[in-house]
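Below are the chains, spelled out letter by letter.
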Amino acid sequence: MRSQVVIVGAGPSGLLLGQLLYRAGVDAIILERQSPEYVLGRIRAGVLEQVTLNILSEIGVDERLHKEGLVHTGFDLLFKGKRHRIDLAGLTGGQKVMVYGQTEVTRDLMAARQAAGLKTIYEATDVEIHDFDGKHPSVRFSKDGQRHTITCDFIAGCDGFHGVCRASVPKRSIKEYEKIYPFGWLGVLSDTPPVHEELIYVNSSRGFALCSQRSHTRSRYYLQVPLTDQVEKWSDTAFWSELRLRLDPAASEQLVSGPSIEKSIAPLRSFVAEPMRFGSLFLAGDAAHIVPPTGAKGLNLAATDVKYLSDALIEACIEKSQAGIDHYSSRCLARVWRAERFSWWFTSLMHSFPDQGEIGQKLQEAELEYLTISPSGSRTIAENYVGLPLNFGD
Ligand code: FAS
Ligand code: PHB
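Heads up: these notes are all about the structure in this document. Per chain, residues are indexed from 1 in the order of the written sequence. Lettering for chains starts from A, numbering for ligands starts from 1, and both go in the order in which the items are written. Per-residue local features are limited, in this predicted model, to residues with pLDDT of at least 70; the limit for side-chain atom pairs, both in listing and counting, is 80 or more; totals at the level of whole chains, interfaces and linings are taken over all residues. Here the side-chain values reflect all heavy atoms present in the structure, with hydrogen atoms and water set aside.

**Looking at the site of ligand 2**
If even one non-hydrogen atom of a residue comes within 4 Å of a molecule or strand, that residue is called near it. Among the 15 residues in the neighbourhood of ligand 2, the closest are listed as Tyr 201, Ser 212, Arg 214, Tyr 222 and Pro 293. Under this definition, polar contacts are N or O atom pairs within 3.5 Å; protein pairs additionally need one hydrogen-donor-capable and one acceptor-capable atom, and for neighbouring residues in sequence, both atoms have to be side-chain atoms. In the model, an oxygen atom of ligand 2 is placed 2.7 Å from a nitrogen or oxygen of the Arg 214 side chain. Between ligand 2 and Ala 296, the relevant distance is 3.4 Å, taken from an oxygen atom to a main-chain nitrogen or oxygen of the residue. Accessible areas in this description were obtained via Shrake-Rupley with a 1.4 Å probe; residue shielding takes into account the shown protein chains only. A total of 280 Å² of accessible area belongs to ligand 2 in isolation, and the protein chains cover 98% of it. Classes in brief: Ala, Val, Leu, Ile, Met, Phe, Trp, Tyr, Cys and Pro nonpolar; Asp, Glu, Lys and Arg charged; the others, Gly included, polar. Considering only residue class, the shell around ligand 2 consists of nine nonpolar, three polar and three charged.

**Here we look at the environment of Ile 150**
Take Ile 150: it is sitting in strand β11 (residues 146-157). With 148 residues separating them in the primary sequence, Ile 150 and Arg 2 have C-alpha atoms 5.2 Å apart. Any two residues having at least one pair of non-hydrogen atoms within 4.5 Å are treated as being in contact. Among residues more than four places away in sequence, those in contact with Ile 150 are Met 1, Arg 2, Ser 3, Val 6, Ile 29, Leu 31, Pro 137, Ser 138, Val 139 and Phe 141. Every helix listed is a DSSP run of H or I at least four residues long, and every strand listed is a run of E at least two residues long, numbered separately from the N terminus.

**Observations concerning the nonpolar core**
Among buried residues, those of type Ala, Val, Leu, Ile, Met, Phe, Trp, Tyr and Cys that are joined through side-chain atoms within 4.5 Å constitute a nonpolar core. Note on exposure labels: buried denotes an accessible area under 20% of the residue type's maximum, exposed denotes more than 50%, and partly exposed covers the range between, all computed with a 1.4 Å probe on protein chains only. Ranked by size, the top nonpolar core spans 78 residues in total, and within it Ile 7, Leu 16, Leu 21, Leu 31, Leu 48 and Leu 281 carry the most contacts. Element by element, the count of residues in this core is highest for helix α9 (residues 298-318), at eleven residues. Ranked by size, the runner-up nonpolar core spans 32 residues in total, among them Tyr 201, Tyr 222, Leu 268 and Phe 342.

**What about the sheet that holds strand β13 (residues 200-203)?**
The criterion for strand pairing is that DSSP finds at least two bridges linking the strands in question. The eight strands lie next to each other as β6-β5-β13-β14-β15-β12-β16-β19, forming an open sheet whose pairing is mixed. Of all strands in the sheet, those bounded by a partner on one side alone are β6 (82-86) and β19 (289-290). On top of the sheet, helix α10 (residues 323-350) reaches β5 (75-79), β12 (175-190), β13, β16 (260-274) and β19; it is set at about 125 degrees to β16, its chief contact. Axis angles are defined between N-to-C directions and span 0 to 180 degrees, where every axis is a line fitted to C-alpha atoms and, for a helix, only to the segment in contact.

In structure tokens:
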């Protein structure tokens, strides 16, 4: 087989890249290790920045999200038992975010790719990438017991944190930065009405909590839990009663509990691999970086990586110019580190750390009080949360 581009991974990064390349007439095959059902079954991100919405509308995959997505112009910070609204729109000249689950974005991208008759090979196993630092890159994989090879011009590593692409880069050619947080997020999805019309981020001495949503009838909640916790040990009843203990009295009263339709514990880490390009191999999304989900940046960072990558590959394939691909890594990393900083800072502010002591909680509360009283303090949260402009710092 032959393709201009081989994309490894059919998560949001791979599917978004495939649609952007298709729109420009660049052919790409996507190889995905799992089945479509498995990919859709992973419950992850929930908040889309305007930059991400713009990219989805550029490829015409935004009809359902504008029908079903929930526009949010603010969120609450809850600390010392009181809620303080961060007025995103008022603090950023009218910017907002869209609450629309990653699962739905992935579903829409899958449907668009299928409607265009584009090739995605699911359950492609034992993927190997070859000669990406040479002149004849190729990708090998197994499917239905047969071994296949695709020769190509470029390989896009959209295969997430545990993928094969970054792992195939020689250690001497890559620098990895990592910080692992001493806690995880226990997430529950439930067909219950959200506790509040906007998201509530909670700093409590019992630990962080987040009240999010997927629709007016489906909610997503998270609790900070020790890394040693196992999801099997958390009954729904235990989850709801712990969440109530971290909420303010009004929200605790308002909370509607119900059976969990998904329950999982995700570890939290900050991670960046530099550079993001190795010859004809380009890393994008979680394959290159991970942020703690507190700032809702993971999916949005992946979208901007892929926008930059599609621009670069289109320029290389159509205009035969190397400029874009030569600039890809530095262009992404400037934005990646800004999102890493905000996600680390917001995580450090909102979570209870084992070694922080009582003074640690008091210092976090003092910082939160300052940030919610000071207009410039609130603005720094708001402008990072809605997403810094693509030309920030230019
Ligand atoms: P993904 O990991 O989504 O997709 C990679 C794809 O590559 C997968 O389908 C995988 O099966 C495939 N793959 C891997 N290895 C392969 C191989 N060898 N061969 C072929 N295919 C291979 N972000 C937020 O903004 N908010 C959140 O609340 C949030 N929660 C998260 C919870 C969890 C448990 C995780 C892991 C991430 C979370 N994220 C969150 C971040 C998440 O949304 C990512 O940013 C987003 O999935 C990035 O998309 P991709 O880069 O496509 O990576
Ligand atoms: C979610 O709805 O899954 C979500 C929302 C905001 C975050 C993290 C996760 O910061």
